[in-house]
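# Survey of secondary and tertiary structure
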Amino acid sequence: MNYTEYTVERVEDPFNILTGNRYEFLIDFTVDEEDELYREQGLKLKVLYVVDENGPRVSHYHILESDTEKVLEFDLEDEELVMLQSFCKEHYLEAEEE
């Protein structure tokens, strides 16, 4: 799995119900052609990243086809989740700079 582009935005809680901050990542990525996840049109990860009193973490994610944004019913492997967690932790503050 190779991340190629991404955006990150802070998600506002208009009702102040949720604790901490939430960030939405859209990450374009590629996989090898032999991978069952491979799509010629490309792939995206839509990720909700939460930073609260329990610490930073990936709350949930979806894998999407890039052109249709259709959700694919695949889960990331453990090592891919660790990579995603690390990536989000490294980049979530960029949403605060905008």
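In case you missed it, the structure is sitting above this.
Let us look at the structure shown here. (Residues numbered from 1 in each chain as written. Predicted model: local features only at pLDDT ≥ 70, side-chain atom pairs only at ≥ 80, totals over all residues. Heavy atoms only, no water.)

## Some thoughts on the sheet that holds strand β5 (residues 71-72)
For clarity, the threshold we go by: The criterion for strand pairing is that DSSP finds at least two bridges linking the strands in question. Put simply, DSSP marks the helices as runs of H or I at least four residues long and the strands as runs of E at least two long, and each gets a number from the N terminus on. A contact between two residues is defined here by any heavy atoms of the two lying within 4.5 Å. Axes, fitted as lines to C-alpha atoms, cover a helix only where it is in contact. Angles between the N-to-C directions of the axes lie from 0 to 180 degrees.
Taken in spatial order, the five strands of this open sheet run β1-β2-β3-β4-β5, and their pairing is antiparallel. Strand pairing shows two members of the sheet lacking a second neighbour, β1 (2-11) and β5, which therefore form its edges. Bridge analysis of β1 against strand β2 (residues 21-30) gives nine bridges, and the strand direction is antiparallel. Bridged to Val8 within β2 is Phe25. Set on the sheet, helix α1 (residues 78-91) makes contact with β1, β2, β3 (43-52) and β4 (55-65); between it and β1 the angle comes to about 55°.

## Brief notes about the side chain of Glu80
Applied cut-off: Any residue under 20% of the maximum accessible area for its type is buried, any over 50% is exposed, and the rest in between are partly exposed; the area is computed with a 1.4 Å probe on protein chains only. Counted charges follow a simple rule, with Lys and Arg positive, Asp and Glu negative, and His plus the chain ends left uncounted. By salt bridge we mean one thing: a side-chain nitrogen of Lys or Arg within 4 Å of a carboxyl oxygen of Asp or Glu.
Following the sequence through the fold, Glu80 ends up in helix α1. Summary of buried charges: Glu80 has no salt-bridge partner, and the nearest side chain of opposite charge, Arg39, is 12 Å away. Beyond its immediate stretch of four places on either side in the chain, Glu80 contacts Met1 and Tyr3.

## A look at the packing of aromatic side chains
Put simply, the rule reads: Two aromatic rings, drawn from Phe, Tyr or Trp (for Trp, its six-membered ring), form a pair once their centres lie within 6.5 Å of each other, and the interplanar angle then sorts them: stacked below 30 degrees, edge-to-face above 60, tilted otherwise.
If you walk through the whole model with that rule in mind, you get six aromatic pairs. Both rings, one in Tyr3 and one in Phe87, keep their centres 4.8 Å apart while their planes meet at 65°; by these two values the pair is edge-to-face. Highlighted residues: Tyr3 in strand β1 and Phe87 in helix α1, separated in sequence by 84 residues. With centroids separated by 6.2 Å and ring planes inclined at 65°, the aromatic side chains of Phe25 and Phe87 adopt a geometry described as edge-to-face. With a gap of 62 residues between them, Phe25 in strand β2 and Phe87 in helix α1 connect regions that are remote in the sequence. Here the two residues Phe25 and Phe87 agree in accessibility, since each one is buried. Taken together, the ring pairs connect Tyr3, Tyr6, Tyr23, Phe25, Tyr49, Phe87 and Tyr92 into an aromatic cluster.

## With respect to the nonpolar core
Our working rule: Note on terminology: a nonpolar core comprises buried Ala, Val, Leu, Ile, Met, Phe, Trp, Tyr and Cys residues joined through side-chain atoms within 4.5 Å.
With 22 residues, the main nonpolar core has Phe25, Leu45 and Ile63 as its most contacted residues. When contributions to this core are tallied by element, the ones reaching two or more residues are β1, β2, β3, β4 and α1. If one sorts the elements of this core by residue count, β3 sits on top with five residues. Other than its neighbours up to four places away in sequence, Phe25 contacts Tyr6, Thr7, Val8, Leu45, Lys46, Val47, Tyr49, Phe87, Cys88, His91 and Tyr92.

## Thoughts on the pairing of β3
Judged by how many residues are buried, β3 sits mostly within the fold: eight of 10 residues are covered. When β3 meets β4, the two strands line up antiparallel, connected through 10 bridges. Following the sheet pairing, Val47 is matched in β4 by Tyr61. Here β3 folds back onto β4, and the loop between the two strands holds two residues.

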